[in-house]
Amino acid sequence: MDEQELISHVQEGDEAAFAKLMGLYKNRIVNYLYQFTGDYQKAVELSQETFLRVYFKADKYKPIAPLSSWIYTIASNLAKTEVKKRRKMATVSLDDLPNSFNAGTYSEDPPDPGLIRNLREALDALHPRYRVPVVLKDMEGFSQEEIARIIKRPIGTVKARISRGREYLKKMLENAAHGDTYASKNEVREHGRA
Amino acid sequence: MEERNIFDRLERVGAPEGFEARVLAELPRRKERRSHALRTYRYAFAGATAVLLATFVLVNVLVFRKPEAARMAAMETVQVMETMDYSTEVHNASYEPRTVYILEQVSEASPQEITY
């Protein structure tokens, strides 16, 4: 049974088809939401909520767009709402971290915990406006057209946001590599606009 | 691209065991919650419509409608002028003993019309 058949069965309330659909997408959605939120438990919760909404809103799905775009749209909206709800962003002074996490060293070999930690922090600091397209493009492998469908923006806007998001990340990683704190974190969070 | 390579270093995670079962278990509870919410909205909507209707009727009756006497007084007097054809009246009278009415003009100035 292909995806379109599955979703049409789900529209009729078929829970077995719904379970199969979840099997196809659960890992991708959980991973996407984890990369977005940085919190695995929250990512699992949001993923469950995503699929519940897929089930109850299945009748709203029109086969003009791929099913994956629709599911990721629901997941992205939930993720953005979650980020907005968080009042306190984790701000960690690099001076307080153990030495091994202090600066990013860009080694080609097994994952450098310093780099990964910095990247995680930088992603977390990135405004959702840029985080969504960057994660969808660079981690989930969606095309710009698909991302435009997911976030319901023109392709030009998607390109601009991906480009700016990458620039901000690069700047933050460079600052972290030089031992600076994320001084620009709030600036990115507040001024991000495309 | 360097950024892309960096992203590849982030760990990928997957859904935990029993993910589908948990979601499927949540379905009946969520269905119940939705039908309860729908019932609540229906009653609230019906109640609001009833209140609006009652308000409309009360306002119409108590505020906009004046008492009958006041309404009549506010009406202008309509003059109804009707000419009397005495000959027809007599002709159409019954065959019983006739009563002939003679109307006498009292005022010289008034028209030969009857004002109600």
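Heads up: the structure comes first, above all this text.
Residues numbered from 1 in each chain as written. Chains lettered and ligands numbered in written order. Predicted model: local features only at pLDDT ≥ 70, side-chain atom pairs only at ≥ 80, totals over all residues. Heavy atoms only, no water.

(A) Here's a closer look at the interface of chain A and chain B. Taken together, the contact between chain A and chain B spans 38 residues of the former and 23 residues of the latter. Approximately 3,100 Å² of surface area, both sides summed, lies buried where chain A meets chain B, with 64% of it carried by carbon and sulfur atoms. Between E15 of chain A and K31 of chain B there is a salt bridge, with its nearest N and O atoms 3.2 Å apart. Our count for the contact surface shared by chain A and chain B stands at 10 residue pairs in polar contact (both at pLDDT 80 or more). Listed by contribution, the elements that provide at least two residues to the side of chain A that touches chain B are helix 2 (15-37), helix 3 (40-56), helix 5 (113-125), helix 6 (128-138) and helix 8 (155-177) of chain A. The leading source of residues in the side of chain A that touches chain B is helix 2 of chain A, at 11 residues. (Contact = heavy atoms within 4.5 Å. Buried area = accessible area lost by both parts, 1.4 Å probe. Salt bridge = Lys/Arg side-chain N within 4 Å of Asp/Glu carboxyl O. Polar contact = N/O pair within 3.5 Å; in protein donor to acceptor, adjacent residues only side chain to side chain. Helix = DSSP H or I, 4+ residues; strand = E, 2+ residues; numbered from the N terminus.)

(B) Representation of unusual backbone geometry within the structure. All names here are of chain A. Despite not being glycine, K152 shows a phi value in the positive range, around 60°. Structurally, the position occupied by K152 is in the loop between helix 7 (144-151) and helix 8. In this structure K152 comes out as exposed when scored by relative accessible area, which is 59%. (Buried < 20%, exposed > 50% of the residue type's maximum accessible area, 1.4 Å probe, protein only.)

(C) Summary view of the packing of helix 2 of chain A against helix 6 of chain A. Residues and elements named next belong to chain A. Contact geometry of helix 2 with helix 6 gives a least axis separation of 10 Å together with a crossing angle of 140°. Of the possible angle classes, the one that applies to helix 2 and helix 6 is oblique. When you trace helix 2 past helix 6, the crossing you get is right-handed. Only P128, R131, V132, V135 and L136 of helix 6 make contact with helix 2, whose side of the interface consists of Y32, Q35 and F36. Partitioned by chemical class, the residues of the contact of helix 2 with helix 6 number six nonpolar, one polar and one charged. (Axes fitted to C-alpha atoms, helices over the stretch in contact; angles between N-to-C directions. Parallel < 35°, antiparallel > 145°, perpendicular 65-115°, else oblique. Left-handed = near helix turned anticlockwise from the far one by under 90°. Nonpolar A, V, L, I, M, F, W, Y, C, P; charged D, E, K, R; others polar.)

(D) The arrangement of the packing of aromatic side chains in detail. Residues and elements named next belong to chain A. In this structure the tally under the stated criterion is nine aromatic pairs over all chains. Geometrically, the ring pair formed by Y61 and W70 is tilted, given 5.3 Å between the ring centres and 45° between the ring planes. Each member of the pair, Y61 as well as W70, is classed as buried. Through a chain of ring-to-ring contacts, three or more aromatic side chains come together here, namely Y32, F36, Y72 and F142. Here R120 stacks its cationic end above the ring of Y34, 5.0 Å away from the centre of that ring. Across the ring face of F36, the terminal group of R131 is positioned such that the distance to the ring centre comes to 4.9 Å. (Phe/Tyr/Trp six-rings, centres within 6.5 Å; stacked < 30°, edge-to-face > 60°. Lys NZ or Arg CZ within 6 Å of the ring centre and 35° of its normal.)

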